[in-house]
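# Report on the structure
Chain by chain, the residues run as shown.
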Amino acid sequence: MLGFVPYPSLHAHLNLHHTCADYCPACLFVGFATQLHRQPSHLQTISYPNYSGLAQCLLNTGTHHLERSIVAGLNIKVQEAFSEPGCDKNLAKDEKERKKGCTKQLVPGAAAGGCAFDGAKIALQPITDVAHIVHGPISCEGNGWDNRGSKSSGPMIYRTGFTTDISENDIVYGGEKRLYRAIREVIEKYDPPAVFVYQTCITALIGDEIEAVCKAAKEKFGKPVIPVNVPGFVGSKNLGNKLAGEALLDYVIGTEEPETTTPYDINIIGEYNLAGEMWQIKPLLDHLGIRVLACISGDARYHEVASSHRAKAAMMVCSRAMINVARKMEERYGIPYFEGSFYGISDTSDSLRQLAKLLVQRGAPEDLLARTEILIRREEARAWERLNGYRKRFEGKRVLLFTGGVKSWSVVSALQEVGLEIIGTSVKKSTEEDKERVRQLVSDEAHMLDDLRPAEMYKMLKEARADIMLSGGRSQFVALKARMPWLDINQERHHAYAGYEGMVTLVQEIDKALYNPIWAQVRKPAPWESEIHPLSLEGRN
Amino acid sequence: MATVSVSKKACSVNPLKMSQPIGGTLAFLGLANCMPILHGTQGCTAFGLVLFVRHFREAIPLQTTAMNEVTTIMGGMDNVEQALVNIYKRAKPEIIGLCTTGLTETRGEDIHGDLKLIRKRNPELANLPIVFVNTPDFKDAFQDGWSKTVTRIIEELVTKATETIPGQVNLLPGSHLTAADIEEIVEMIAAFGLTAVVLPDLSGSLDGHIPEQFSPTTIGGTTVDEIRGMGGSLATIAIGQQMERAALELEMRTGISYTVFDRLTGLDANDRFLMHLSGLSGKPVPLKYRRQRSQLVDAMLDSHFFCGGKKVAIGAEPDLLWALGSLLAEMGCEISAAVTTTQSPLLEKMPCDEVLIGDLEDLELRAKGCDLLVTHSHGRQASERLGIPLFRAGLPCFDRLGANHKLSVGYRGTRDLIFQVGNVFLEHTHEGTPDSWPLPDIAMNNSSVRGELVEP
Ligand code: SF4
C-alpha cells in the first residue's frame, strides 16, 4: 500500500482553496492528479481520507465543466458510442434508455469478461506494422501479450509487447515523461510507421494525459502517434472495440492517400483475421477483381487504414464491434456499407453478392454481378460436395452453441445445413434482429439461452443432452470435465472457419471431435468404480 | 558471483514479468474450496484467468470486485462486500482470498477495517476465512505476490498448537514448482515416514484430475483445517528463497523452526535435502533414493559431453533462474545471459557475470550467439528470430502440453531435466561441412604474408 491516500485527501485539501466547481466528477481523475503531479507538496500535507468532502463535491459539481478534462472528453466519446444510431439495439430504445447506454452494471463477485482496454487492443492490434505501447502497470500487458490469433502476412512488430510497466514512482509523480521516453525508445529502435498508445486504468486515474504526450511525440518525431484513450474501467470489451474505432476515425482514417484507386476498392470493417480467416475470403475477392483497400483491422498496414477513406464500398463484419466506423465513414466519405458475415455457406454467398451490388452501384462495371454469381455457384457446389458426406454421420447429433462475437444465427443455419440439431444457443451478445433469425431457425424445443451458468452447462452435458459443445475457451473445461466433445470457436481458436473453405473445416473439426475414439475410453468407469457415464453404454445396447 | 543491475529503459519490450496480484491469486488457487478475488476492474481478472487457463488447461475459479472509475474514487468497500456476499451465496467456498490491484492500491483502502465492518453487517460471513493481500501491480512481480499471499494465509489462519502432531512437517513450495514437483517432494518426505502439509498445494487443485461433481471453487488443495493444523508440525521446509518470509512468519507465530532449500534441482541440493529429512525423521535414506542418486550421477556422466561449454541464456523469476542456472552451470554450461523479474538475495550468487532485472528484449540482445534459450513460452519469438532452440521453463507455458506435469526436482527430476536439455543440445549439434574450416582470409590475400614467404 502506498504511504498516503492521495485522492480524497488531496481533494479535501484543495477544498480549502478552491471551490469544488473547478473539479467536476469526471475530472476528478484529471483535476486531482494534475494537481498532484504539479504540486507534490500536497502529498506531504494530508494523510487522511475525507470521503464526505469528496461525495459532497461529486454532488455539487455540474456537467458544464465536463469538457475541461480528457476523461470528460472520453465520457462524451463513451456517450456517443452508446447512442450509436447504426446500432439496432439502440434504435429500439427511447431517448432516456439510450443515454444509459448498453453497459449492464457489473455485479461484483459474479462478473466475467475483459475490460474496454482489452477490447480496444483486440480491435487495433491486428494492424501489423505499428508498435502498440500499453501505458500502465505490468498487469495490463505483461499478463496477456502475444496471446491473440490475429495473423499477419508480413510485419511482426504488432506481436511485440511494449509497455511502460509503471512503478510506484510514476504513480506519485506521473507517468507522462516515462511514456514520452518510451515512445522515443520504440521509434529509435523499431522505427514503425506509427505508434499506438493505450491508456489503462491507473494511468488514467493519476491523470496522465496521453493525448498531450502523443501530440508532443508526434511533433517531435514526425510520426503519427495515436492515443487510444480507453482505460479498462470505462466498460466492456465491446465498448472498447467501438472506442478504438473512434480513435481510428479521429487520428488515422483519411490522413493518407492511396497510391492508386480502382472501382473495385472495398473496406472490410470489424474483421481481425483470426487464425487467418481473411485468407479464406481474399482468394474469392481476388478472383472477382475486388481489392481490399483496407481491412480494419485484420492483417492491415497503417497506410492502408490511413487511406481507407477512398474505398467505394464497405462491409461490416461483426455487427456490434465497429459499427460506428462503418457509419461514420459513410457519413464523412460517402462510403456505403452493409452488414454481412462470412460464416456459413449462404451468408458467404450473400456477402459476396452484396459487395458486388454495392460496387456496381458505385460505378463498377456491371459484369461483376454475373461473375459473382458464377463464382458463388461454383464454390457452393465445391463446398457441398465435400460437406454432403457428413450428413449421415451428423444425424441425430445435438449441439450446444455458445458464441461470442460470431453471429449465432449465421452459424446455426450453417450447422443445420449439414444435419446437426441445435439444442441450445446463446443469444447473449446478439442483436434483436439476430435473435429473430435464430428464433426462426431453431426448433421448438431449442432453447435460446441468455446466459448459462457453468454448473448448468455442465449438467446439460453430463446428462448427455448435447453431444458436443461449441464455445469459447473459458467454458472448454466445463465440457471436457463432463467428458464431452468440445470445439473452440472463439478468439483463441486455431482453425479458420470463414467462407466456404472455413465451413468445410468447421464440419471436419466437429466430426473429428465427435468421433474421436477417446470418448468411449474416458467415459468408462475405472474397474473399481460403479458410477456409469450416461454415454458409456452407448453401442452396447 | 554476479552483479545485479536493473534495466533503465522507459519501455519494457516483450515482458518477462507477470504481475504480483495474479501471483497471489495462484497461491490461493492451491487452497481447497477456495475462491480468489482480484480487487480491481474486471479486465485484470480476465487477463489473469486467460493466462492460467492457457497454462494449466483447467477451469480457473477467479472473481473480481468489478470496480469502475466512480467506485475507485469513492472507495471499494461496497464492491468488496457485494463480491463476498455474492460469492458466498453462489459458490459456498470454504475460504476466500482477496488480492488488491494497482488501481485500488493507488487510492489506498483500509481493507482490514472494511472487512471487520462487512463481517459485522453480514453474519453469514462472520466465520468465513477471508484472507486479503496487498499486491499492487506497479511493484514487485509474480513470485512476490505468491510468497506474500502464503505469508498472509499463515498470519490469518495458523496459531500455536498445544500439541505436536507426530511426523507432520510443513512444506512451503515456491511459485516455480509444478504439480509434479510438489508430488515428488511430498513423496520424498513420505519415504521417511513423515507427512507433509503443503501450503499452497497446486498438485491437489491444478494437477488436471477430473472431479466427480462440477465445482465453482477450486477442486482440491490445502484445506482450511490442514492450514490451521500447521501449528502442530515438527518442522517447516521451504523450497525457494521466496518462501523464507512465509517460513519466518510461521516460526514467529508457532516457534516451529524452518529450513529453506533454495532449490531441489541438482545433485548436491538433493543430497542436502535427503540428509535433512533423515535428520528430522531419524531414519536412514531409503534405498530407492540411493538408487536414484546413482542414476542421476550416471545421467550427468552421459550428458556432460553435450552440455560442457554450451552458452545458455536464461530468463526466469529469481528462484527458477537460480535452480536452472545453477544446475546448468554444474553441468558445464556457461550462463551467458541471465534476466529476471524482481530482486532476490540469490541473484548475486548466480554463476554468471551479470543478472539483469529486465525483459525479453534484454534477454534476446544478450542471447546472440548462445546455444540455448531458456524461458517461458513468450521466448518463442526471440528463439525464432535468433535461430536458437527454446527450452520452455516457467509460467506461462501455453504452447506446449502438460506444463504442470513437468518434473525438475529430486534426483529423478534432475535426471530427466538433464536428459531433456542434453537432447536439445544433441539435436542442434553443429556438424562439419567442407566449408566449416576455412583458412583465415589474410593467409590467402595478404601480399605481405606472401612476400614474407618469398623473401628469406
Ligand atoms: S481493467 Fe484496467 S488495469 Fe486491469 S487490465 Fe484492463 S486496463 Fe489494465
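Residues numbered from 1 in each chain as written. Chains lettered and ligands numbered in written order. Predicted model: local features only at pLDDT ≥ 70, side-chain atom pairs only at ≥ 80, totals over all residues. Heavy atoms only, no water.

### So, the overall build of chain A
Of the regular secondary structure elements, chain A holds 26 helices and 13 strands. Counting all 541 residues of chain A, 61% fall into the buried class. Of the contacts made within chain A by residues no fewer than 6 positions apart, 73% connect residues no fewer than 24 positions apart. Carbon and sulfur atoms form 52% of the exposed surface of chain A, whose accessible area is close to 21,700 Å². (Helix = DSSP H or I, 4+ residues; strand = E, 2+ residues; numbered from the N terminus. Buried < 20%, exposed > 50% of the residue type's maximum accessible area, 1.4 Å probe, protein only. Contact = heavy atoms within 4.5 Å. Areas by Shrake-Rupley, 256 points an atom, 1.4 Å probe, with all protein chains shown as cover.)

### Re the interface of chain A and chain B
Facing the 77 residues of chain A at the interface are 65 residues of chain B. Here chain A is connected to chain B by five salt bridges. Of the charged contacts in the structure, one is a salt bridge between Asp-146 of chain A and Arg-380 of chain B, with a shortest N-O distance of 3.1 Å. Linking chain A with chain B are 22 residue pairs in polar contact (both at pLDDT 80 or more). Per-element accounting of the side of chain A that touches chain B gives the leading share, seven residues, to helix 11 (residues 176-190) of chain A. For the side of chain A that touches chain B, a count of residues per class yields 42 nonpolar, 17 polar and 18 charged. Pairing between strand 2 (residues 162-163) of chain A and strand 2 (residues 12-13) of chain B: two bridges, direction antiparallel. (Salt bridge = Lys/Arg side-chain N within 4 Å of Asp/Glu carboxyl O. Polar contact = N/O pair within 3.5 Å; in protein donor to acceptor, adjacent residues only side chain to side chain. Nonpolar A, V, L, I, M, F, W, Y, C, P; charged D, E, K, R; others polar. Pairing = 2+ DSSP bridges.)

### With respect to the sheet that holds strand 6 (residues 291-297) of chain A
Residues and elements named next belong to chain A. In spatial order, the strands read 6-5-7-8; together these four strands make up an open sheet with parallel pairing. Only two strands of the sheet have a single neighbouring strand rather than two, namely strand 6 and strand 8 (337-339). Strand after strand, the sheet turns through a mean of 20° between neighbouring axes, direction not considered. The pairing of strand 7 (residues 313-316) with strand 8 spans three bridges and is classified as parallel. By the bridge assignment for strand 8, Ala-314 is matched with Tyr-337. On the sheet, helix 15 (residues 278-288) packs against strand 5 (265-271) and strand 6 and is oriented at approximately 165° with respect to strand 5. (Axes fitted to C-alpha atoms, helices over the stretch in contact; angles between N-to-C directions.)

### A short note on the nonpolar core
Counting residues in each nonpolar core, the largest one holds 100 residues, and the members touching the most others are Leu-26, Phe-52, Leu-172, Ile-189 and Phe-273 of chain B. When residues no more than four places from it in sequence are discounted, the contact partners of Leu-172 of chain B are Val-150, Ile-154, Leu-199, Met-230, Thr-236, Ile-237, Ala-238, Ile-239, Met-243, Ala-246 and Ala-247 of chain B. By size, the runner-up hydrophobic cluster in this structure holds 61 residues, among which are Val-252, Ile-253, Met-322 and Ile-335 of chain A. (Core = buried A, V, L, I, M, F, W, Y, C linked by side-chain atoms within 4.5 Å.)

### Considering the confidence of the model for chain B
Per-residue confidence for chain B averages 93 on the pLDDT scale, and 97% of its residues sit at or above 70. Scored by ipTM, the complex comes to 0.91, with pTM at 0.88. (pLDDT = per-residue confidence, 0-100.)

### Considering the side chain of Thr-151 of chain B
All names here are of chain B. You can see Thr-151 is positioned in helix 7 (residues 142-157). Looking at Thr-151, its side chain comes within polar contact range of the main-chain oxygen of Ser-147, at 2.6 Å. Among all residues touching Thr-151, those that are not within four sequence positions of it are Arg-245, Ala-246 and Glu-249.

### Some words on the site of the ligand
Surveying the vicinity of the ligand reveals the residues Cys-115, Phe-117, Cys-140, Thr-200, Cys-201 and Gly-232 of chain A together with Thr-41, Gly-43, Cys-44 and Phe-47 of chain B. Around the ligand the close residues trace back to chains A and B. For the shell around the ligand, the element with the most residues is helix 2 (residues 42-56) of chain B, which contributes three residues. A class-by-class count of the residues in the shell around the ligand yields six nonpolar, four polar and no charged. (Near = heavy atom within 4 Å.)

### A short note on helix 15 of chain A
Residue and element names in this part refer to chain A. For helix 15, the set of buried residues is Met-278, Gln-280, Ile-281, Leu-284, Leu-285 and Leu-288. The buried residues of helix 15 occupy one face: seen down the axis, they fall within an arc of 160°. In this fold, the buried residues of helix 15 make contact with strand 5, strand 6, helix 18 (345-361), helix 19 (367-387) and helix 25 (499-514). Gly-289 occupies a position one or two residues after helix 15 and carries a positive phi of about 80°. (Arc of directions from axis to C-beta.)

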